[in-house]
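# A closer look at the structure
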Amino acid sequence: MTCVAIAGADYCVIAADTRLSVGYIIYTRDYSKICKLADKCVMASSGFQGDLKALQKNLAAKHLIYQHQHNKQMSCPAMAQLLSNTLYYKRFFPYFTFNILGGLDSDGKGCVFTYDAVGSYERVGYSAHGTGAGLIIPVLDNQLKSPSPLLLPAKDAVTPLLEMEAVDLVKDVFASATERDIYTGDKVEILVINASGIRHELMELRKD
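Note that the structure is a prediction, hence the values are computed from the model and not measured. (Residues numbered from 1 in each chain as written. Predicted model: local features only at pLDDT ≥ 70, side-chain atom pairs only at ≥ 80, totals over all residues. Heavy atoms only, no water.)

## A look at the packing of aromatic side chains
In total, this model carries three aromatic pairs according to the counting rule given. Ring centres of Y115 and Y121 lie 5.2 Å apart, and the angle between their planes is 5 degrees; on these two criteria the pair is classed as stacked. For Y115, a relative accessible area of 3% puts it in the buried group. Aromatic ring contacts, followed pair by pair, group F113, Y115 and Y121 into a single cluster. Sitting over the ring of Y95, K90 keeps its end group 5.0 Å from the ring centre. Directly above the aromatic system of Y88 lies the positively charged group of R91, at a separation of 4.2 Å from the ring centroid. (Phe/Tyr/Trp six-rings, centres within 6.5 Å; stacked < 30°, edge-to-face > 60°. Buried < 20%, exposed > 50% of the residue type's maximum accessible area, 1.4 Å probe, protein only. Lys NZ or Arg CZ within 6 Å of the ring centre and 35° of its normal.)

Shown next, in the form of structure tokens:
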């Protein structure tokens, strides 16, 4: 149960494995953990799937109301704030979900927002959540070397990688995490968001 996102200059790659399991039991090998919230905005989540479904329905309803009121879709940064508000509203009985929001901002630049369970969020160049995150984040740190947010003047967090290089990196980190984490495996679902729209890709992982 692992999800990863990488933001580039004009794209965003967001990916999650398709295994749904508890303990030593695999409930299904073909479960999507990625939800499209708007044309240029998707969410990948790990955690309790019951809360996740409730959260997705809540966000979809709020986005529909927004579209009726403003006659346009929400931008990715606006959706990021909405998700933060929605999680914080439930902070005393939280949605047990750990989310990554990815997409393009209003300038067409890739953006990734990473969350805790109660709505604290940050815009970053890359992120990972779930059972395999501890294995994946060190590799992303090594390969992408995101500048510290404390540096002044502030530096851009987007990765210098090309789109295909970022996709290859995501495939590599999932293949690696699958070797060590029993909760990650079966397939990895990869979504690439760019100016042309959303491209969908599946790669087989280990089944054991």
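That was the structure; now back to the text.
## Details of the sheet that holds strand β2 (residues 11–17)
Strand order in the open sheet made by the five strands is β10-β1-β2-β11-β12, with antiparallel pairing throughout. Each edge of the open sheet is held by one strand with a lone partner, namely β10 (126–130) and β12 (197–204). Going across the sheet, the axis of each strand differs from the next one's by a mean of 15 degrees, ignoring polarity. Pairing of strand β11 (residues 187–194) with β12 involves eight bridges; the strand directions are antiparallel. Following the sheet pairing, N194 is matched in β12 by G197. With respect to the sheet, helix α3 (residues 133–144) is in contact with β1 (2–7) and β10, its orientation differing from that of β10 by roughly 170 degrees. (Pairing = 2+ DSSP bridges. Helix = DSSP H or I, 4+ residues; strand = E, 2+ residues; numbered from the N terminus. Axes fitted to C-alpha atoms, helices over the stretch in contact; angles between N-to-C directions. Contact = heavy atoms within 4.5 Å.)

## Let's talk about α3
Taking 1.5 Å of rise per residue, twelve residues should cover 16 Å, and α3 covers 15 Å from first to last C-alpha, within 8% of that figure. Of the positions making up α3, those classed as buried are A133, I136, L140 and L144. Mapping the buried residues of α3 onto a view down its axis gives an arc of 70 degrees, with all of them on the same face. (Expected span 1.5 Å × (residues − 1). Arc of directions from axis to C-beta.)

## Thoughts on the packing of α3 against helix α4 (residues 163–180)
Where α3 contacts α4, the axes come no closer than 9 Å and their chain directions differ by 150 degrees. With respect to the hand of their crossing, α3 and α4 are arranged in right-handed fashion. Contacts between α3 and α4 involve L135, I136, V139, L140, Q143 and L144 on the former and, on the latter, L169, V173, A177 and R180. Partitioning the contact of α3 with α4 into residue classes produces eight nonpolar, one polar and one charged. (Left-handed = near helix turned anticlockwise from the far one by under 90°. Nonpolar A, V, L, I, M, F, W, Y, C, P; charged D, E, K, R; others polar.)

## Observations concerning unusual backbone geometry
Of note in the backbone geometry, N71 takes a positive phi value of approximately 60 degrees without being a glycine. Here N71 lies in the loop between α1 (49–70) and α2 (76–89). Residue D186 is not a glycine yet carries a positive backbone phi of 75 degrees. On the secondary structure map, D186 appears in the loop between α4 and β11.

## Regarding a nonpolar patch on the surface
A cluster of nonpolar side chains, namely V22, I25 and Y27, defines an oily patch on the protein surface of about 330 Å² accessible area. Secondary-structure assignment places Y27 in strand β4 (residues 25–28). (Patch = residues over 30% accessible without salt bridge, like charges linked within 9 Å, V, L, I, M, F, W, Y side chains within 5 Å. Areas by Shrake-Rupley, 256 points an atom, 1.4 Å probe, with all protein chains shown as cover. Salt bridge = Lys/Arg side-chain N within 4 Å of Asp/Glu carboxyl O.)

## As for the pairing of strand β7 (residues 97–104)
Look at any regular strand and the pattern is simple: side chains alternate between the two faces of the sheet. Most of β7 is tucked away: seven of the eight residues are buried. As paired strands, strand β6 (residues 41–47) and β7 are joined by seven bridges and run antiparallel to one another. Of the residues in β7, the one forming a bridge with M43 is L101. Pairing geometry for β7 and strand β8 (residues 110–115), over five bridges, is antiparallel. By the bridge assignment, G103 is partnered in β8 with C111.

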